[in-house]
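# Reading the structure
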Amino acid sequence: QVELVESGGGLVQAGGSLRLSCAASGRTLSTFTMGWFRQAPGKKREFVAGIIWSGGSVVYADSVKGRFTISRDNAKNTVYLQMNSLKPEDTAVYYCSADPNRIIRATPEYWGQGTQVTVSS
């Protein structure tokens with residue numbers, strides 16, 4: 001069993017930056033696929049970014065390419081999402097995910113509780 005806790009969300013003006021963190025407990029995540037998803041009010045949860053294993057390949061949604069960066073620190077059992085050049089349409093609850101499968105998929109095994117990101121015009 002894996003427990004995930006997100007932090008770092010908040011209110012920021014368009015063009016600003018935020019760094020989200022996801023701290024894991026229960027198991028070592030060095031071999032897990034880690035990811036970030038988001039859900040805006042009235043919309044379905046959507047994929048944002050993923051990273052396969054430690055130092056593995058990364059994948060981004062087209063909407064965030066060039067602006068967001070996913071990374072991980074295995075020693076701290078933590079995954080990060082650096083968000084730059086934020087836009088109002090980035091406003092959503094952001095969820096961390098973990099999956100023992102060595103692929104990025106739409107239904108990862110574990111989810112965090114989410115952290116709110118609000119971007120004003």
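Right, let's walk through the structure included here. Computed from a prediction, not measured in an experiment: that's the story for all the values here.

Rules and cut-offs
Residues numbered from 1 in each chain as written. Predicted model: local features only at pLDDT ≥ 70, side-chain atom pairs only at ≥ 80, totals over all residues. Heavy atoms only, no water. Helix = DSSP H or I, 4+ residues; strand = E, 2+ residues; numbered from the N terminus. Rg over C-alpha atoms; globule rule 2.2 N^0.38 Å. Buried < 20%, exposed > 50% of the residue type's maximum accessible area, 1.4 Å probe, protein only. Areas by Shrake-Rupley, 256 points an atom, 1.4 Å probe, with all protein chains shown as cover. Lys, Arg positive; Asp, Glu negative; His and termini not counted. Charge placed at Lys NZ, Arg CZ, Asp CG, Glu CD. Core = buried A, V, L, I, M, F, W, Y, C linked by side-chain atoms within 4.5 Å. Contact = heavy atoms within 4.5 Å. Pairing = 2+ DSSP bridges. Axes fitted to C-alpha atoms, helices over the stretch in contact; angles between N-to-C directions. Polar contact = N/O pair within 3.5 Å; in protein donor to acceptor, adjacent residues only side chain to side chain. 1 Å grid on protein atoms, 1.4 Å probe; cavity = no way out; pocket = protein on both sides within 12 Å on 5 of 7 lines; lining within 4 Å. Points joined across faces, edges and corners; volume = space filled by probe spheres on them. Nonpolar A, V, L, I, M, F, W, Y, C, P; charged D, E, K, R; others polar.

Another point: the overall build of the chain. Counting its secondary structure elements, the chain contains zero helices and 11 strands. Reading the chain from its N end, one meets helices and strands in the order β-β-β-β-β-β-β-β-β-β-β. A compact globule built from 121 residues should have a C-alpha radius of gyration of about 14 Å, and the chain, at 13 Å, falls within 12% of that. Scored against the burial criterion, the 121 residues of the chain give a buried share of 42%. Element-wise, carbon and sulfur atoms account for 48% of the exposed surface of the chain, whose accessible area totals about 6,300 Å². Across the chain, 13 positive and 9 negative side-chain charges occur, with their mean positions spaced 3 Å apart.

A few words on the environment of Gly 26. Within the secondary structure, Gly 26 sits in the loop between strand 3 (18-25) and strand 4 (33-39). According to the relative accessible area criterion, Gly 26 is exposed, its value standing at 66%.

Below, the discussion takes up the nonpolar core. Judged by nonpolar contacts, the single largest core of 31 residues is most densely connected at Leu 4, Met 34, Trp 36, Leu 81, Met 83 and Tyr 94. Put simply, the parts of the chain that give this core at least two residues each are strand 3, strand 4, strand 5 (46-51), strand 7 (68-73), strand 8 (78-83), strand 9 (92-99) and strand 11 (115-120). Here Leu 81 is in contact with Leu 18, Arg 19, Leu 20, Trp 36, Val 48, Ala 49, Phe 68, Thr 69, Ile 70 and Tyr 94, once residues within four sequence places are set aside.

Once that is clear, we can look at the sheet that holds strand 7. Spatial ordering of the open sheet is given by 1-3-8-7, a layout of four strands whose pairing is antiparallel. The two strands at the open ends of the sheet, each matched to only one other strand, are strand 1 (3-7) and strand 7. Here the average twist between neighbouring strands, direction ignored, is 15°. Where strand 3 lies against strand 8, six bridges are found, and the strand directions are antiparallel. When the bridges of strand 8 are listed, Cys 22 appears paired with Val 79.

Moving on, we come to the environment of Val 79. Structurally, Val 79 can be placed in strand 8. With residues near it in sequence (within four places) discarded, Val 79 still touches Leu 20, Ser 21, Cys 22, Met 34, Trp 36, Ile 70, Ser 71, Arg 72 and Cys 96.

The residue Arg 67 is located in the loop between strand 6 (58-60) and strand 7 in this model. Within the structure, the side chain of Arg 67 is placed 3.0 Å from the backbone oxygen of Ser 85, a separation counted as a polar contact. Those residues in contact with Arg 67, other than ones at most four positions away along the chain, are Gln 82, Met 83, Asn 84, Ser 85, Leu 86, Lys 87 and Asp 90.

In this section: empty space enclosed by the protein. A water-sized probe, rolled over the atoms, reveals where empty space remains. Evaluated as defined, the whole model comprises two cavities of 30 Å³ or more. There is about 60 Å³ of room inside the largest cavity. For the lining of the largest cavity, the secondary-structure elements that each account for two or more residues are strand 4, strand 5 and strand 9. Counting residues per element, the lining of the largest cavity draws most heavily on strand 4, which supplies four residues. Here the residues of the lining of the largest cavity sort into seven nonpolar, four polar and two charged. Here the second largest cavity is characterised by a volume of approximately 40 Å³. Surrounding the second largest cavity, Leu 29, Met 34, Arg 72, Asn 74, Asn 77, Thr 78 and Val 79 form its lining. When grouped by side-chain class, the residues that make up the lining of the second largest cavity number three nonpolar, three polar and one charged.

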